[in-house]
Amino acid sequence: MIEIRDLSLAFPNPAAADGRTVVLRDFNLSVAPGEFIAIVGASGVGKSTLLRVVAGLVPTNSGTVSHAQGGGDLKGRRPYGMVFQDARLLPWRTVRSNVAFGLEGLGLSRADRRRRAEEALALVGLADKAGRWPHQLSGGQRQRVAIARALAVDPDLLMMDEPFGALDAITRQTLQDELLDLWRRTSKTILFVTHDIDEAVYLADRVILLAGSPATVRSEDRITTARPRARDDSAARALATRIRDRLSDLMDGGGI
Amino acid sequence: MTSPPSPDQPGTGLPAPGKRIPPSAFLAKPSRRYRGLWAALGVIAFLAIWEAVPRLGLVRPVLLPPPSAIPTAFVAEVRSGQWTDAILHSLVHYTWGLVLGSVGGIAAGVLTGMSRRLEDFTSWVVRLLRPIPGLAWVPFAIIWFGVTPTAATFIIVLGVFWINYFAALGAVQAVDRDLLELADAFGHPLTLAKLVKIVLPAASGAILGGLRTGWARPGCRWWRRSCSACPAWASA
């Protein structure tokens, strides 16, 4: 449903010889509907930029991103939902109104927006917090609201940019399991960026390793273990170790 | 105690730890009870000297009437309606100046804050006009508008404008870029949508701060100046 072809991305950089820095080169990815894909790599490798390109927030230099809309027409919906590392809730809006942020401008009635926002909040288990203000929530709750905001627009693709990176270990594990549960129930397609290889192996169907400068795809592993997966599953651990070894080999070998 | 006395703690004005405070510093302070009395005595002495100067014939009473003449004159002005008229007129052009200056300053500041190009375009002009004090505009105000309430309003507008302009400009430029990206990601890429949904709510606190400063401080100053420096405006 999403085809990324020969994507390259460069930023202007006056210090460089040719006046630009190439961040990403020849990136190809095709994502099947309902697939959970994790993109891992060292920080600064261009993972987040890649998400922004797919979302159209950053223009591409070359290559194409095409979307065959999985869910039919986009009336009352948006093609993407985005979850950032920080929750980015608007402090002057209530939780409900924050979740409805992406629904505005879609031609929905006020009652519809409210209903959809509350449905999305119920999905993340925060139905009772609809009238609260962001500052009254814990870090984990705020990130749940951010996920609800992304789900409220009923997107074909849910993009998550290190969404649990700023949370404590216990909250992170809880939210990982909740995300898997949400994914099962909503059958959304997920593009999940993280630098946590264990997290990627635990969550995803496919783990793509980005490395180098400019970044290219260095490996791609399919994980077929059925869910719910055990966190100490030996096959998963072995794969995580392999990916880690590849990454450190690339770093040692000057590949980065 | 053979070590030399340690220097005072820099910047705090406090003596270094262990250093004895000379007792005289406290004893020299007058008792709090009499401080109000001394302040009142000061005012009385000032009024007495003022009263004495015209009465002793040092200055002609026409140029400096004694303070004892003020209550009668005040009552007469209030009775004749002159005083209320003057106050009302001043309030009207003060209000107009405040409203026009605030609205104009906020609008210009928000627009400039949202466009880097507009900021560059106006930056030198702003730097040129901004430092001109309000009083320096008075001759121009009189040339352009005559000795009229409009001229007084113009002076007030200028003072209020700059305060609101810089408050709004700073507030808009301080809006978190991540929130603007959020607006892009959730289908609000247009400038107007960003303005309404992100920029104005995020900047409103600081914009209101500018509004309050414009209202409270220089506003009153301009008002008093225009009332007192040019009585013709007040009674016009």
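What this report covers is the structure whose coordinates are included nearby. (Residues numbered from 1 in each chain as written. Chains lettered and ligands numbered in written order. Predicted model: local features only at pLDDT ≥ 70, side-chain atom pairs only at ≥ 80, totals over all residues.)

1. Quick word on the overall build of chain A
Selection rule: Only runs of H or I of at least four residues qualify as helices and only runs of E of at least two qualify as strands under DSSP, and these elements are numbered from the N terminus. For a compact globule the rule gives 2.2 Å times the number of residues to the power 0.38, and the radius of gyration it is set against comes from C-alpha atoms. With C-beta atoms placed from the backbone, the exposure class of a residue follows from how many other C-beta atoms lie within 10 Å of its own: 20 or more, buried; 12 or fewer, exposed; in between, partly exposed. Two residues qualify as a contact pair if the distance between their C-beta atoms, derived from the backbone, is within 7 Å.
Helix and strand content of chain A: seven helices and nine strands. On C-alpha atoms alone, chain A measures out to a radius of gyration of 19 Å, which is about the 18 Å that the 2.2 N^0.38 rule sets for 256 residues. Principal-axis analysis of the C-alpha atoms gives chain A an extent of 55 × 45 × 35 Å. For chain A, buried positions account for 38% of its 256 residues. Partitioning the intrachain contacts of chain A with sequence separation of at least 6 by distance along the chain shows that 70% fall at a separation of at least 24.

2. Some remarks on the overall build of chain B
Along chain B, the regular secondary structure elements total eleven helices and zero strands. Ordered by position in the sequence, the α and β elements of chain B form the string α-α-α-α-α-α-α-α-α-α-α. Burial status across chain B gives 22% buried among its 236 residues. Relative to all contacts within chain B whose residues are 6 or more apart in sequence, the contacts with residues 24 or more apart total 69%.

3. Quick look at the interface of chain B and chain A
Spelled out, the test is: Amino acids outside the nonpolar list (Ala, Val, Leu, Ile, Met, Phe, Trp, Tyr, Cys, Pro) and the charged list (Asp, Glu, Lys, Arg) are all regarded as polar, and Gly is one of them.
Listed as interface residues are eleven residues of chain B and, on the opposing side, ten residues of chain A. Secondary-structure elements contributing two or more residues to the side of chain B that touches chain A are α8 (177–185) and α9 (191–216) of chain B. Residues that form the side of chain B that touches chain A fall into these classes: six nonpolar, two polar and three charged.

4. Notes on the sheet that holds strand β8 (residues 206–211) of chain A
All names here are of chain A. Cut-off, in case you're wondering: A pair of strands is treated as paired once DSSP finds two or more bridges between them. Structural elements are reduced to axes, namely lines fitted to C-alpha atoms, with helices fitted over the stretch in contact, and the angle between N-to-C directions of any two is expressed from 0 to 180 degrees.
Reading across from one edge, β5-β6-β7-β3-β8-β9 is the order of the six strands in this open sheet, with mixed pairing throughout. Since the sheet does not close on itself, it has two edges, and those belong to β5 (80–83) and β9 (216–222), each with one partner. Taking the axes of each pair of neighbouring strands and ignoring which way they run, one obtains an average angle of 15° across the sheet. Two elements, strand β3 (residues 36–40) and strand β7 (residues 189–194), share five bridges in a ladder whose sense is parallel. Looking at β7, one finds that Ala38 is bridged to Phe192.

5. As for the pairing of strand β1 (residues 2–12) of chain A
All names here are of chain A. Of the pairings in the sheet, the one linking β1 to strand β2 (residues 20–31) comprises eight bridges and is antiparallel in character. Following the sheet pairing, Ile2 is matched in β2 by Val31. With five bridges joining them, β1 and strand β4 (residues 62–67) adopt antiparallel strand pairing. Directly across from Ile2, in β4, lies its bridge partner His67.

6. Quick word on the sheet that holds β2 of chain A
All names here are of chain A. The sheet built from three strands is open, its strands ordered β2-β1-β4 with antiparallel pairing. For this open sheet the edge positions go to β2 and β4, each flanked by a neighbour on one side alone. Across this sheet, the average inter-strand angle for adjacent strands is 25°, counted without regard to direction.

7. As for helix α5 (residues 116–129) of chain B
All names here are of chain B. Just so we agree on the cut-off: Here the expected span of a helix is defined as 1.5 Å times the quantity of residues minus one. For a residue, the bend is simply the angle between two axes, fitted respectively to the seven-residue segment ending there and the seven-residue segment starting there.
Under the 1.5 Å per step criterion, the end-to-end length of α5 is 20 Å for 14 residues, consistent within 8% with the ideal 20 Å. Of all the bends in α5, the largest measures some 45° and sits at Thr122. Counting buried positions along α5 yields zero of 14 residues, so the element is predominantly exposed.

8. Observations concerning unusual backbone geometry
Residue and element names in this part refer to chain A. Here the bond from Ser213 into Pro214 is cis, since omega is 0°, no more than 30 degrees from zero. The residue Pro214 is located in the loop between β8 and β9 in this model. In this model, Arg227 is joined to Pro228 through a cis peptide bond whose omega is 0°. Along the chain, Pro228 turns up in the loop between β9 and α7 (234–252). One non-glycine residue with positive phi stands out, namely Asp6, at about 50°. Relative to the elements of secondary structure, Asp6 occurs in strand β1. The class for Asp6 is exposed, based on 12 C-beta atoms found within 10 Å. With a phi angle near 50°, Asp26 is a residue other than glycine that sits in the positive phi range.

9. Focus: the environment of Leu111 of chain B
Structurally, Leu111 of chain B is set in helix α4 (residues 82–114). Taking C-alpha positions, Leu111 of chain B is 8.8 Å from Val172 of chain B, a pair spaced 61 residues apart along the chain.

10. Brief notes about the environment of Ile142 of chain B
All names here are of chain B. With respect to the helices, strands and loops of the structure, Ile142 is situated in helix α6 (residues 138–145). Residue classification places Ile142 among the partly exposed positions, given that 16 C-beta atoms sit within 10 Å. As a C-alpha pair, Ile142 and Phe154 span twelve residues in sequence and 9.9 Å in three-dimensional space. When residues no more than four places from it in sequence are discounted, the contact partners of Ile142 are Val147 and Ala151.

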